[in-house]
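# A look at the structure
Read off the chains here:
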Amino acid sequence: MSALRLAMRRDPAGSLGALLVLLLLGFAMLGPLVAQHPPDAIALARRLQPPSALNWLGTDELGRDVFARLAHGAWPSLMAALLVVGTTVTLGTLLGAFSALLGGLADAVAMRIIDVLLAVPALVLAMALAAALGPSLVNALIALVVVRLPVFVRLARAQALVLRSRPFAEFARLAGAGRWHVLRHHLLPNLAGIMVVQGLMDVAAVILGAAALGFIGLGAQPPSPEWGGLVASGRHFMADAWWLSLFPGLALMLAALGFNLLGDLVRDVLDPRQEPAP
Amino acid sequence: MTPLVISNLTVCRRADGRVLIDGLSLSVAAGEVVGLVGESGSGKSLTAMAAIGMLPAGLQQEAGSIMVAGVPLGGLATAALRQLRQRTVSLIFQDPMTALCPTRRIGAQLADVLAVAGCPRTDRVARAMALLADMHLPDPAMLLRRYPHQLSGGQRQRVLIAMAFSASPALVLADEVTTALDVSARAQVLRLLVERARQMGSGLLFITHDLGAARHCCDRILVMAGGRLVENGPAAQVFGQPASPEARQLLAALPERAVPRQPLPVGGGLQ
Amino acid sequence: MTALLAARDLRWQPAGAKAPIVDGVSLAISPGEFVGILGGSGCGKTSLSRMLAGLRRPDAGTLAWKGAAGSPPRGAVSFVFQDPFTSLNPRKPLWWSLTEAAALAAPLTAAARRSLADELLVQVGLPPDHATRFPHQLSGGQRQRIAIGRALATQPELLILDEPTSALDLSVQARILNLLLSLQASRNIAMVMVSHDIAVIRHMAHRVLVMDAGRIVESGEPTALLAAPRSTAGARLVANFLSADI
């Protein structure tokens with residue numbers, strides 16, 4: 001843990017990121033407990049009220065409490081994003097490393113498939129996939145994994161190609177190591193850091209992607225208070241009720257910022273070469 | 001005006017107060033080639049950075065003064081310092097590939113340097129070609145249209161030397177300029193560097209850990225060890241009868257002086 | 001005496017290259033011998049050394065080990081790379097890197113690996129408490145010692161070294177060269193060292209081969225050969241070498 005403390009001291013921006021992420025997780029867990037109203041209690045008499053003591057962040061077009069909706073939406077939004085990112089990082093690392101290690105036809109075929117996936121705009125592809133699978137949160141997440149995966153495979157493959165020709169991997173092959181040994185000991189441990197960092201950088205994009213799918217009705221279904229959906233539905237009332245989009249938007253922005261900065265911090269902690277020489 | 005006079009320079013690390021350069025005094029006369037040699041961590045590169053007022057962050061000049069062409073660096077405003085770096089001091093680095101911008105033609109990069117040196121726009125191409133010809137580079141007109149990756153390591157380093165001398169600087173600092181080069185390019189680049197410095201009357205501080213290179217091109221050799229100057233004298237004297245134990249130790253490690261296949265005399269301790 | 005490793009007419013030309021990098025090289029290395037390969041950059045000396053180690057398959061030509069045609073048995077030939085900063089896996093403790101080759105050759109318990117690592121550390125002149133350190137905690141010279149220790153783990157009879165000291169300080173180079181000499185004396189390991197540094201080769205080698213454009217253009221006893229090279233490539237190397245001892 002001393003490595004973590006050292007990084008904290010040397011990297012205040014990264015520490016801010018870690019703090020933001022912790023605050024978000026705290027909010028996701030504790031927010032629903034402190035909220036004064038249920039997230040889906042409709043009160044048409046109190047619709048579009050500005051922030052007040054009764055409704056801390058105001059109410060929406062159906063009189064629902066924005067704070068309550070934000071708090072109840074935090075957990076599903078964050079967990080969905082982390083699930084998608086965790087899956088893409090793991091799958092991407094393995095596929096990329098295998099592709100680099102096998103080379104030849106398998107590698108060529110895999111890369112052409114990746115090229116095709118990358119050629120189609122991510123959101124269009126996600127929409128097509130989500131629509132084909134049927135509108136639900138799980139299907140939206142599967143679609144997001146598929147569209148985010150190519151970038152991770154590409155990155156892992158490029159890194160693995162470099163690592164494979166490093167002297168330590170060459171020495172292992174000279175000593176009779178098979179592909180599995182090289183993959184397990186020389187590629188994966190050295191890939192882990194950069195892939196996790198890249199994954200953390202991607203969390204915000206995935207939250208936004210899930211929001212986009214939710215907005216067109218292919219993600220979490222209303223009245224589920226998912227953050228992207230909150231921004232989207234507040235859009236119509238932007239002129240008179242700024243609080244509807246502002247607070248969920250702010251939450252998304254802080255999440256994006258937090259995970260990005262955390263990514264930097266994690267890179268410093270995971271990279272042993274960044275430590276000062278003894 | 002003496003190109004470089006450093007007196008009693010002491011540089012510390014701010015975090016823990018560790019002394020990295022300890023009371024260093026040296027001077028480089030006009031037209032003189034001075035070799036600054038020592039092992040990694042001896043403080044030789046740091047000395048060069050101090051001489052152009054570019055100490056890395058976290059380091060602090062504790063004492064001493066640095067005069068470049070008669071101008072004291074201490075208390076110089078940023079603009080004046082920048083002007084000094086543009087007109088009076090040049091720096092040549094170890095790796096000629098990273099010192100040049102990979103996406104721009106040699107000609108454009110030379111023109112930039114000439115513009116900074118105050119060369120009028122209309123004269124720049126002619127001046128650039130003359131500079132490259134001075135470096136004995138073949139077909140300067142064609143070279144101007146080339147990109148750095150199309151040149152060999154030795155050619156790139158010669159282009160950098162041409163750039164370094166374009167403003168007729170009083171002082172040139174060359175930090176390990178031959179280390180990254182092939183053996184045959186090394187000798188040629190060294191010869192051109194020294195020839196150019198003597199022609200222009202610039203003082204040349206040649207920083208290297210390659211004792212052979214220093215021996216061949218320098219009028220005077222300075223040896224640094226542990227942040228201190230331990231030896232200062234003509235090359236023949238320093239290599240012939242070194243006065244300090246540190247210099248003797250350094251020279252003892254040279255394989256060219258040893259009996260073949262007999263252990264080289266090295267001090268205790270493990271590296 | 002049968003040669004330890006004999007190479008006949010090795011050739012290698014990478015796809016798209018205009019000329020072969022290694023163009024018909026034959027050589028034989030005796031047990032316990034130290035062979036230096038000298039040449040400028042691009043002469044093919046590194047490619048040749050990789051072929052001898054089995055790191056690169058030649059397009060044509062054969063290897064023979066102790067008179068029998070074919071590649072050497074696994075572990076009999078080992079390799080030390082030029083750059084001490086990329087030659088060790090940054091994520092593995094030193095004991096792991098030191099004993100990797102031995103563990104690949106025969107299954108070893110964790111305890112056996114640790115004791116082998118301690119033994120290897122002593123052999124290369126490092127204290128055993130370094131076993132649990134990581135490469136980034138070591139200096140360049142220390143890393144190169146680990147690279148040599150790692151190469152010794154399988155008890156090789158031939159060690160191939162690609163410019164092992166060119167990235168190191170002079171005093172560190174001297175210590176590494178001394179280590180190699182003592183290993184030759186104590187274990188009679190044959191060594192092939194690729195270098196562009198005439199002084200190092202003259203100091204270390206029993207026999208020097210001068211390479212140019214993929215061929216061996218000259219060979220002989222180092223001191224005599226370098227005093228009066230007969231080939232133009234050899235003469236060029238000597239003329240361009242900046243000795244600190246004029």
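The rules we used
The numbers attached to residues start from 1 for each chain and follow its sequence in the written order. Chain letters and ligand numbers both follow the written order, the letters beginning at A and the numbers at 1. Residues qualify for local features only when their pLDDT is at least 70, as the model is predicted, and side-chain atom pairs are given and counted only at 80 or more; totals for whole chains, interfaces and linings, by contrast, use all residues. For side-chain calculations, the full set of non-hydrogen atoms in the structure is used, while hydrogens and water are omitted. Helix numbers and strand numbers start at the N terminus; a helix is a DSSP run of H or I with at least 4 residues, a strand a run of E with at least 2. Throughout, radius of gyration means the C-alpha value; the globule benchmark is 2.2 Å times the number of residues raised to the power 0.38. Burial classification: accessible surface area is computed with a 1.4 Å probe over protein chains only, and a residue below 20% of its type maximum counts as buried, one above 50% as exposed, and the rest as partly exposed. For this analysis, residues touch if any pair of their heavy atoms sits within 4.5 Å. Throughout, the Shrake-Rupley method with a 1.4 Å probe supplies accessible areas, and for residues the shown protein chains are the sole cover considered. Neither His nor the chain ends contribute to the count of charged residues, in which Lys and Arg are positive and Asp and Glu negative. Where a charge lies is defined by one atom per residue type: Lys uses NZ, Arg uses CZ, Asp uses CG and Glu uses CD. Put simply, buried area is the surface a 1.4 Å probe can reach on two separate parts but cannot reach once they are joined, added for both. For this document, the term salt bridge refers to a Lys or Arg side-chain nitrogen within 4 Å of an Asp or Glu carboxyl oxygen. As used in this record, nonpolar core signifies buried Ala, Val, Leu, Ile, Met, Phe, Trp, Tyr and Cys residues forming a set joined through side-chain atoms within 4.5 Å. Here a strand pair is declared whenever DSSP counts at least two bridges between the two strands. This arc corresponds to the set of directions leading from the helix axis out to the C-beta atoms. Per-residue confidence from the predictor is reported as pLDDT, a score between 0 and 100. Each patch is assembled from residues with relative accessible area greater than 30% and no salt bridge, linking like charges that lie within 9 Å and nonpolar side chains (Val, Leu, Ile, Met, Phe, Trp, Tyr) that lie within 5 Å. Two N or O atoms count as a polar contact when they lie within 3.5 Å, although within protein this holds only if one can serve as hydrogen donor and the other as acceptor, and sequence-adjacent residues are included solely when both atoms are side-chain atoms.

### What to know about the overall build of chain C
In terms of regular secondary structure, chain C is built from eight helices and 10 strands. Its C-alpha radius of gyration of 18 Å places chain C within 12% of the 18 Å reference for a compact globule of 246 residues. With the principal axes as the frame, chain C shows a C-alpha extent of 55 × 45 × 40 Å. Counting every position in chain C, which comprises 246 residues, the buried fraction comes to 57%. Long-range pairs, those at least 24 residues apart, make up 67% of the contacts in chain C with a sequence separation of at least 6. Within the structure as shown, chain C displays about 9200 Å² of accessible surface, and the carbon and sulfur contribution to it stands at 52%. Charge centroids of chain C, computed over 24 positive and 18 negative side chains, lie 6 Å from each other.

### Describing the interface of chain C and chain A
Across the boundary between the two partners, chain C contributes 23 residues, which contact 21 residues of chain A. Surface buried jointly by chain C and chain A totals about 2200 Å² across both partners, of which 62% is contributed by carbon and sulfur atoms. Looking only at chain C, the three residues that lose the most surface to chain A are Arg91, Leu104 and His136 of chain C, adding up to 29% of its buried area. Where chain C meets chain A, there are one salt bridge. With its nearest N and O atoms 2.5 Å apart, the salt bridge here joins Arg50 of chain C to Glu170 of chain A.

### A look at the nonpolar core
Of all hydrophobic cores here, the largest spans 141 residues; its most connected members are Leu52 and Leu158 of chain C. No other element matches the nine residues that helix 5 (residues 170-187) of chain C contributes to this core. When sequence neighbours within four positions are dropped, the list of residues in contact with Leu52 of chain C reads Leu5, Ala7, Leu10, Leu27, Ile29, Leu63, Val77 and Ile160 of chain C. Judged by nonpolar contacts, the second largest core, of 63 residues, contains Ala100, Ala156, Ala160 and Val182 of chain A.

### Some words on the pairing of strand 3 (residues 33-37) of chain B
Regular strands place their side chains on alternate faces of the sheet. Residue and element names in this part refer to chain B. Of all five residues in strand 3, five are buried, a share of seventy percent or more. By the alternation rule, side chains of strand 3 split into Val33, Gly35 and Val37 and Val34 and Leu36, which are all buried. With five bridges connecting them, strand 3 and strand 8 (residues 203-208) associate as parallel partners. Counterpart to Val33 in the pairing with strand 8 is Leu204. Pairing of strand 3 with strand 9 (residues 220-225) involves four bridges; the strand directions are parallel. Looking across to strand 9, one finds that Leu36 is bridged to Leu222.

### Considerations on helix 5 (residues 124-134) of chain B
All names here are of chain B. Within helix 5 the residues assigned to the buried category are Arg124, Ala128, Leu131 and Leu132. Viewed end-on, helix 5 has its buried residues packed into an arc of 95°, placing them on one side of the element. Immediately beyond the C-terminal end of helix 5, within one or two residues, lies His136, with a positive phi of roughly 55°.

### A look at the confidence of the model for chain A
Residues and elements named next belong to chain A. Mean pLDDT over chain A works out to 86, with 94% of the residues at or above the 70 mark. Here helix 1 (residues 2-10) stands out as the least confident element of chain A, with mean pLDDT 67; helix 7 (residues 167-174) is the most confident, with 94. Scored below 50 in pLDDT, residues 274-278 makes eight contacts in the model with residues more than four places away or belonging to other chains.

### A closer look at a nonpolar patch on the surface
Residues and elements named next belong to chain A. Among the surface-exposed residues, Met29, Leu30, Leu33, Val34, Trp56 and Trp75 lie close enough to one another that they form a single nonpolar patch of about 650 Å² accessible area. No other element matches helix 2 (residues 12-34), which puts four residues into the nonpolar patch. Along the chain, the position of Leu33 falls in helix 2. In this structure Leu33 comes out as exposed when scored by relative accessible area, which is 68%.

### Section: unusual backbone geometry
Of note, the phi angle at Leu48 of chain A is positive, near 55°, even though the residue is not glycine. With respect to the helices and strands, the residue Leu48 of chain A is situated in the loop between helix 2 and helix 3 (66-102). For Ala213 of chain C, which is not glycine, the phi torsion reads 50° and is therefore positive. Tracing the sequence through the fold places Ala213 of chain C in the loop between strand 9 (207-212) and strand 10 (215-220). Relative accessible area serves as the criterion here: at 51%, Ala213 of chain C is assigned to the exposed category.

### Details of the interface of chain C and chain B
Listed per partner, the contact involves 36 residues of chain C and 34 residues of chain B. When chain C packs against chain B, close to 3100 Å² is buried across both sides, 57% of that on carbon and sulfur atoms. At the boundary of chain C and chain B, one finds zero salt bridges. Taken together, the links from chain C to chain B amount to 13 residue pairs in polar contact (both at pLDDT 80 or more). Listing elements by their share of the side of chain C that touches chain B, those giving two or more residues are helix 4 (140-152), helix 5 and helix 6 (198-204) of chain C. In terms of residue count, helix 5 of chain C provides more of the side of chain C that touches chain B than any other element does, 10 residues in total.

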